Amino acid sequence: MSQEQAAAKSGSPGAAGASSDNTEEDLNEDKPMSFWEHLDELRKRLVRSILVFFAACIAGWEVREKLLHFLTVPFVQAWREQSLPGNPSLHFGAPAAAFVAYFKLSMIGGAALASPFIFYQLWAFVAPGLYAREKRYVIPFVLFSTILFVGGGLFGWRAAFPISFGYFLSMAGTVGGDGVTITPTVMMGDYLDFVAQLLLGFGIIFEIPLIVLFLSIAGIVNYLQLILFGRWFVFGAFVLAAILTPPDITSQLVMAVPMCLLYVLSIGLAYVFGKPPTDDQRAAYKKRKQKEVSQG
């Protein structure tokens, strides 16, 4: 018999102390946080995220010209495809406008660079507890959140930007019989605002599967509820795409169709990994479908 077993059998103070420590640790883990403790935890994580974001913005400032070159590739290609005169160019209308535009650009780069840390702070706050048995979910969420966010931005840059810029620049040229020429004068700040809006939009919509997966694991939604909500999601996807993209139908489809496909993927993830629906929820789903069939 080992010393630990003997101590446990004899009820020695050492065993009692160890058992007491474990019990106290479990009680501390299971003890819920108060409202003010939640606010304090949120404040700490926001401060950390902001500090890391600003540090990442400084790094983005150091490579601002490379970032601008990368983000203007679709614009340059669309300019040349439309056979516009001169070289593709961005303008600024005030002495400090270029500095402000580069500052915005460094924030775009900083957001991408700091996204892993920011997602970690977000998931660590939202996830139900941060104990050892639950922390294993945080790292995968952080990893896939970053991949989906950055991947969504790259998808927008690769798929939506050429279509959008091609549509806008196609409006340039000579119109009317008197030779009136429409010449594009793209301001640097406006260009980066437009690019940031699309990058953020695509980055957010690519998070849909992960958010739905998290909600389904937590038992907030299930795949039956997602199926019933599908038609409203499709409607909302096209409305959001109409707001975030240019008015041409092609650009809207480039954003809306991936959103719908990601929602279908979310339903599959909720079915495989999420909590199953209850008997009442299954009965309500069947009743709803029967009602729709009878009305259809």
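Residues numbered from 1 in each chain as written. Predicted model: local features only at pLDDT ≥ 70, side-chain atom pairs only at ≥ 80, totals over all residues. Heavy atoms only, no water.

A. Representation of the overall build of the chain within the structure. Within the chain one finds 13 helices and 2 strands. Out of the 296 residues belonging to the chain, those deemed buried represent 33%. Within the chain, contacts between residues separated by at least 24 positions form 79% of all contacts whose residues are at least 6 apart in sequence. Per element, the accessible surface of the chain, about 18100 Å² overall, is 67% carbon and sulfur. (Helix = DSSP H or I, 4+ residues; strand = E, 2+ residues; numbered from the N terminus. Buried < 20%, exposed > 50% of the residue type's maximum accessible area, 1.4 Å probe, protein only. Contact = heavy atoms within 4.5 Å. Areas by Shrake-Rupley, 256 points an atom, 1.4 Å probe, with all protein chains shown as cover.)

B. Structural context of the layout of surface pockets. The calculated volume of the largest pocket comes to roughly 530 Å³. Every residue lining the largest pocket is counted, 19 residues in all, and those nearest its centre are Ile108, Ala111, Ala112, Phe149 and Leu199. For the lining of the largest pocket, the secondary-structure elements that each account for two or more residues are helix H4 (64-71), helix H6 (97-126), helix H7 (138-169) and helix H8 (188-205). Taken together, the residues of the lining of the largest pocket break down into 16 nonpolar, 3 polar and no charged. (1 Å grid on protein atoms, 1.4 Å probe; cavity = no way out; pocket = protein on both sides within 12 Å on 5 of 7 lines; lining within 4 Å. Points joined across faces, edges and corners; volume = space filled by probe spheres on them. Nonpolar A, V, L, I, M, F, W, Y, C, P; charged D, E, K, R; others polar.)

C. Geometry of unusual backbone geometry. Backbone geometry at Ser83 places phi at a positive 55°, although glycine is not the residue there. With respect to the helices and strands, Ser83 occurs in the loop between helix H5 (73-81) and H6.

D. Expanded view of the packing of H6 against H8. Interaxial distance between H6 and H8 falls to 9 Å at its minimum, and their mutual angle equals 15°. Relative to H8, the element H6 is oriented roughly parallel. Both H6 and H8 take part in a crossing whose hand is left-handed. Along the contact surface, H6 presents Ala98, Ala101, Tyr102, Lys104, Leu105 and Ile108, while H8 presents Met188, Gly189, Leu192, Asp193, Ala196 and Leu199. Class assignment for the residues of the contact of H6 with H8 results in 9 nonpolar, 1 polar and 2 charged. (Axes fitted to C-alpha atoms, helices over the stretch in contact; angles between N-to-C directions. Parallel < 35°, antiparallel > 145°, perpendicular 65-115°, else oblique. Left-handed = near helix turned anticlockwise from the far one by under 90°.)

E. Structural detail: the environment of Glu41. Here Glu41 is to be found in helix H3 (residues 35-62). Classification of Glu41 as partly exposed rests on a relative accessible area of 21%. A distance of 2.8 Å separates the side chain of Glu41 from the side chain of Arg45, its partner in a polar contact. (Polar contact = N/O pair within 3.5 Å; in protein donor to acceptor, adjacent residues only side chain to side chain.)

F. Here's a closer look at the packing of aromatic side chains. The full count for this structure, using the stated rule, is 20 aromatic pairs. Pairing Trp123 with Phe141 gives two aromatic rings, centres 4.6 Å apart and planes at 20°, and the pair type is stacked. In this pair, Trp123 is assigned in helix H6 and Phe141 in helix H7, connecting sequence segments 18 residues apart. Here Trp123 matches Phe141 in class, with each residue buried. By way of ring pairs, the aromatic residues Phe75, Trp79, Phe161, Phe165, Tyr167, Phe168, Tyr191 and Phe194 are connected into one cluster. The side chain of Arg64 reaches across the aromatic face of Trp61, ending 4.3 Å from its centre. (Phe/Tyr/Trp six-rings, centres within 6.5 Å; stacked < 30°, edge-to-face > 60°. Lys NZ or Arg CZ within 6 Å of the ring centre and 35° of its normal.)

G. Highlighting the confidence of the model for the chain. Averaged over all residues, the pLDDT of the chain equals 83, while 84% of them reach at least 70. Ignoring residues within four places in sequence, the model shows residues 1-29, a span with pLDDT below 50, making 7 contacts including any to other chains. (pLDDT = per-residue confidence, 0-100.)

H. Representation of H8 within the structure. Its 18 residues give H8 an end-to-end C-alpha distance of 26 Å, which sits within 8% of 26 Å, the value for a rise of 1.5 Å per residue. Taken together, the buried positions of H8 are occupied by Met188, Tyr191, Leu192, Phe194, Val195, Leu198, Leu199, Gly201, Phe202, Gly203 and Ile205. (Expected span 1.5 Å × (residues − 1).)

I. A look at the nonpolar core. Counting residues in hydrophobic clusters, the biggest one holds 46 residues, and the most contacted among them are Phe165 and Phe202. For Phe202, the residues in contact, after removing those within four places along its chain, are Gly152, Gly153, Phe155, Gly156, Ala160, Val254 and Met255. (Core = buried A, V, L, I, M, F, W, Y, C linked by side-chain atoms within 4.5 Å.)

J. Fine view of the side chain of Ser216. Mapped onto the elements of the fold, Ser216 is located in helix H9 (residues 208-217). Those residues in contact with Ser216 that lie beyond four places of it in its chain are Val221, Ala270, Gly274 and Lys275.

K. Seen up close, the side chain of Thr146. Tracing the sequence through the fold places Thr146 in helix H7. Since its relative accessible area comes to 14%, Thr146 is described here as buried.

L. Representation of the pattern of salt bridges within the structure. According to the stated counting rule, one finds 4 salt bridges in the structure shown. Across the salt bridge formed by Asp40 and Lys44, the nearest N and O atoms sit 3.4 Å from each other. In this pair, Asp40 and Lys44 both sit in helix H3, 4 residues apart, roughly one turn of the helix. For Asp40, a relative accessible area of 30% puts it in the partly exposed group. For Lys44, a relative accessible area of 35% gives the class partly exposed. Between Asp193 and Lys104 there is a salt bridge, and its shortest N-O distance comes to 3.1 Å. Of the two residues, Asp193 is situated in helix H8 and Lys104 in helix H6; the sequence distance between them amounts to 89 residues. Overall, the relative accessible area of 37% leaves Asp193 in the partly exposed class. Within this structure, Asp40, Arg43 and Lys44 form a network of salt bridges that share partners. (Salt bridge = Lys/Arg side-chain N within 4 Å of Asp/Glu carboxyl O.)

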